[in-house]
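This is what each chain is made of:
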Amino acid sequence: MASPSHVLPFLSPTGAASSVRVSPGRRAGLLRCAAAAGQAGFFTRLGRLIKEKAKSDVEKLFSGFSKTRENLSVVDELLTYWNLADTDRVLDELEEALLVSDFGPKISFKIVDTLREEIRDGKLKSGAEIKAALKRCILQLLTSKGGNSELNLGFRKPAVIMIVGVNGGGKTTSLGKLAHRFKNEGVKVLMAAGDTFRAAARDQLEVWAERTGSEIVIDNDKKAQPPAVKRGKREGFDVVLCDTSGRLHTNYGLMEELVSCKKVIAKALPGAPNEILLVLDGTTGLNMLQQAREFNDVVGVTGFILTKLDGTARGGCVVSVVDELGIPVKFIGVGEGVEDLQPFDAEAFVEAIFP
């Protein structure tokens with residue numbers, strides 16, 4: 001006996017409504033494709049929406065980088081009365097200002113050499129033009145090396161984000177603030193307290209779960225990620241946020257355990273984790289680069305969260321880490337408030353660090 005068929009409406013090339021008969025198997029396949037496309041569209045819109053919020057929160061970005069901006073205020077002093085005869089002295093002092101703000105020697109030299117060449121070629125003829133060129137150079141470094149700073153959440157639910165980093169960098173706090181951003185967009189969030197060596201770390205995550213209205217999975221055997229991912233899939237969660245314990249990048253045994261975490265997540269949900277975000281403490285400045293290299297080599301970092309930038313004049317480290325590793329900064333911490341984990345926007349950042 002022939003299996004029953006279903007009639008599905010469609011539009012002909014002329015725009016006229018028509019219909020076509022399809023088998024149940026074909027119909028199920030079409031519905032699965034439509035569902036997958038819907039989920040992919042959901043995550044694309046979500047990543048773009050969170051990124052766009054950086055533009056609306058630009059005042060917080062400005063206040064968060066006040067110390068870096070103060071450090072770079074010398075730029076205006078140097079360029080206001082610039083003349084061609086003072087070029088070498090002005091550029092030397094400009095280079096020093098960039099170094100003090102933790103732009104790093106390589107970047108500082110590259111920027112200043114570019115400016116010197118453009119001045120020599122007659123392309124820059126005033127202090128205002130030099131400052132505009134300086135900002136353009138920094139923006140180009142961030143956009144050419146950093147790639148896309150939007151969250152890449154894949155195409156099916158749940159999207160899985162794994163948070164890694166050294167002790168005291170602000171991982172759990174960043175995860176909680178990220179959950180807050182998701183919840184504000186109506187996203188259903190599940191937290192996983194796995195790979196946590198300290199009871200206090202699990203307690204801290206529980207506090208954030210309650211504070212943000214998120215649900216949480218805790219496993220006393222430090223293996224909460226697979227149950228959380230499976231529950232996320234089973235119960236229709238949009239995003240699963242996986243916390244991990246802080247570990248020194250020089251402790252290779254503990255670093256290898258991160259590889260195991262990544263593997264068990266992938267086993268529970270093929271293709272996961274969608275993002276592996278490394279939390280870096282901005283107060284450490286250029287010292288963070290070695291940490292970033294080690295974590296990237298071991299676990300494959302997809303993006304950075306730079307924290308505690310509100311308490312330091314070292315905002316240039318944002319540019320340094322992107323230039324050194326070619327990995328985008330996805331969020332920056334510019335304060336202690338729950339709203340102060342900002343989606344990274346390169347243009348807004350450049351405007352925020354210069355007076």
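Remember, predicted model here, so these are calculated numbers, not experimental data.

**So, the overall build of the chain**
Then step 1. Tallying secondary structure elements over the chain gives 14 helices and 10 strands in all.
Then step 2. In the chain, buried positions account for 50% of the 355 residues.
Then step 3. For the chain, the share of sequence-separated contacts (at least 6 apart) that also reach a separation of at least 24 residues comes to 75%.

**Let's talk about the confidence of the model for the chain**
Then step 1. Overall, the predicted model of the chain reaches an average pLDDT of 81, with 79% of residues at or above 70.
Then step 2. Here residues 28–37 is modelled with pLDDT under 50, and outside its nearest four sequence neighbours on either side it reaches two contacts, counting other chains as well.

**Regarding the pairing of strand E4 (residues 189–193)**
Then step 1. Across the five residues of E4, five count as buried, placing the element largely inside the fold.
Then step 2. As judged from the five bridges shared by E4 and strand E6 (residues 239–243), these two strands associate in the parallel manner. Across the sheet, residue valine 189 finds its bridge partner in E6, namely valine 239.
Then step 3. Bridge count for E4 against strand E5 (residues 215–218) is four bridges, and the pairing is parallel. Paired with alanine 192 across the bridge in E5 is valine 217.

**Here we look at the pattern of salt bridges**
Then step 1. Within this structure, the stated rule accounts for 19 salt bridges.
Then step 2. As a salt-bridge pair, arginine 116 and aspartate 88 come within 3.8 Å of each other at their nearest N and O atoms. Residue arginine 116 is found in helix H6 (residues 105–120), and its partner aspartate 88 is found in helix H5 (residues 87–100); the two are separated by 28 residues along the sequence.
Then step 3. The salt bridge partner of lysine 135 is glutamate 351, with a shortest N-O separation of 3.2 Å. Separated by 216 residues along the polypeptide, lysine 135 in helix H7 (residues 127–146) and glutamate 351 in helix H14 (residues 346–353) bring together distant segments of the chain.

**Considering the UniProt feature "domain: SRP54-type proteins GTP-binding" (unreviewed entry) in the chain**
Then step 1. UniProt's feature table lists "domain: SRP54-type proteins GTP-binding" (unreviewed entry) at residues 328–341, given in the numbering used throughout.
Then step 2. Regarding residues 328–341, the helix share stands at 0% and the strand share at 43%, and the terminal C-alpha atoms are separated by 16 Å.

**A few points about the pairing of strand E9 (residues 329–333)**
Then step 1. Taken across its five residues, E9 has five buried, putting it largely inside the fold.
Then step 2. For strand E8 (residues 303–307) and E9, the ladder comprises three bridges, and the chain directions are parallel. Of the residues in E9, the one forming a bridge with isoleucine 305 is phenylalanine 331.
Then step 3. With helix H13 (residues 317–325) bridging E8 and its parallel neighbour E9, the resulting β-α-β unit is right-handed.

**With respect to the sheet that holds E5**
Then step 1. Strand order in the open sheet formed by eight strands is E5-E4-E6-E3-E7-E8-E9-E10, with mixed pairing between adjacent strands. Of all the strands in the sheet, just E5 and strand E10 (341–343) have a single pairing partner and so form its edges. Strand after strand, the sheet turns through a mean of 25° between neighbouring axes, direction not considered.
Then step 2. Helix H8 (residues 171–184) contacts strand E3 (159–165), E4, E6, strand E7 (275–281), E8, E9 and E10 of the sheet and is inclined by roughly 170° relative to E6.

**Some remarks on H7**
Then step 1. For H7, built from 20 residues, the straight-helix expectation of 28 Å at 1.5 Å per residue is met to within 8% by its first-to-last C-alpha distance of 28 Å.
Then step 2. Those residues of H7 hidden inside the fold are in contact with helix H4 (74–80), H5, H6, H13 and H14.
Then step 3. One or two residues past the end of H7 sits glycine 147, with phi positive at roughly 65°.

**Notes on the environment of leucine 241**
Then step 1. Topologically, leucine 241 is positioned in strand E6.
Then step 2. A residue is classified by how much of its surface remains accessible, and leucine 241, at 0% relative accessible area, is buried.
Then step 3. Remark: the alpha-carbon pair of leucine 241 and glutamine 225, spanning 16 residues in sequence, is separated by 9.0 Å.
Then step 4. The residues contacting leucine 241, other than those within four sequence positions of it, are Ile161, Leu175, Leu178, Ala179, Phe182, Val189, Leu190, Met191 and Ala192.

**Overview of the state of the cysteines**
Then step 1. Considering all chains together, one arrives at zero disulfides under this definition.
Then step 2. Free of any disulfide, cysteine 242 has its nearest neighbouring cysteine sulfur in cysteine 261, separated by 8.7 Å.
Then step 3. The exposure class assigned to cysteine 261 is buried, which follows from its relative accessible area of 8%.

**Here we look at the side chain of aspartate 243**
Then step 1. Here aspartate 243 lies in strand E6.
Then step 2. Comment: no salt bridge for buried aspartate 243; closest opposite-charge side chain is lysine 171, at 5.8 Å.
Then step 3. At a separation of 2.8 Å, a polar atom in the side chain of aspartate 243 contacts the side chain of threonine 172.

**What to know about the nonpolar core**
Then step 1. By size, the foremost hydrophobic cluster in this structure holds 74 residues, and its most contacted members are Leu142, Phe304, Leu306 and Val321.
Then step 2. Sort the elements by how many residues they give to this core and H7 lands first, with seven residues.
Then step 3. Apart from the residues within four sequence positions on either side, leucine 306 is in contact with Leu280, Met288, Cys317, Val318, Val321, Val329, Phe331, Ile332 and Gly333.
Then step 4. Judged by nonpolar contacts, the second largest core, of 27 residues, contains Phe182, Ile305, Phe331 and Val338.

The rules we used
Residues numbered from 1 in each chain as written. Predicted model: local features only at pLDDT ≥ 70, side-chain atom pairs only at ≥ 80, totals over all residues. Heavy atoms only, no water. Helix = DSSP H or I, 4+ residues; strand = E, 2+ residues; numbered from the N terminus. Buried < 20%, exposed > 50% of the residue type's maximum accessible area, 1.4 Å probe, protein only. Contact = heavy atoms within 4.5 Å. pLDDT = per-residue confidence, 0-100. Pairing = 2+ DSSP bridges. Salt bridge = Lys/Arg side-chain N within 4 Å of Asp/Glu carboxyl O. UniProt positions renumbered as here; feature names shortened; annotations may be inferred. Right-handed = clockwise from strand over helix to strand, strands pointing away. Axes fitted to C-alpha atoms, helices over the stretch in contact; angles between N-to-C directions. Expected span 1.5 Å × (residues − 1). Disulfide = S-S within 2.5 Å. Lys, Arg positive; Asp, Glu negative; His and termini not counted. Polar contact = N/O pair within 3.5 Å; in protein donor to acceptor, adjacent residues only side chain to side chain. Core = buried A, V, L, I, M, F, W, Y, C linked by side-chain atoms within 4.5 Å.

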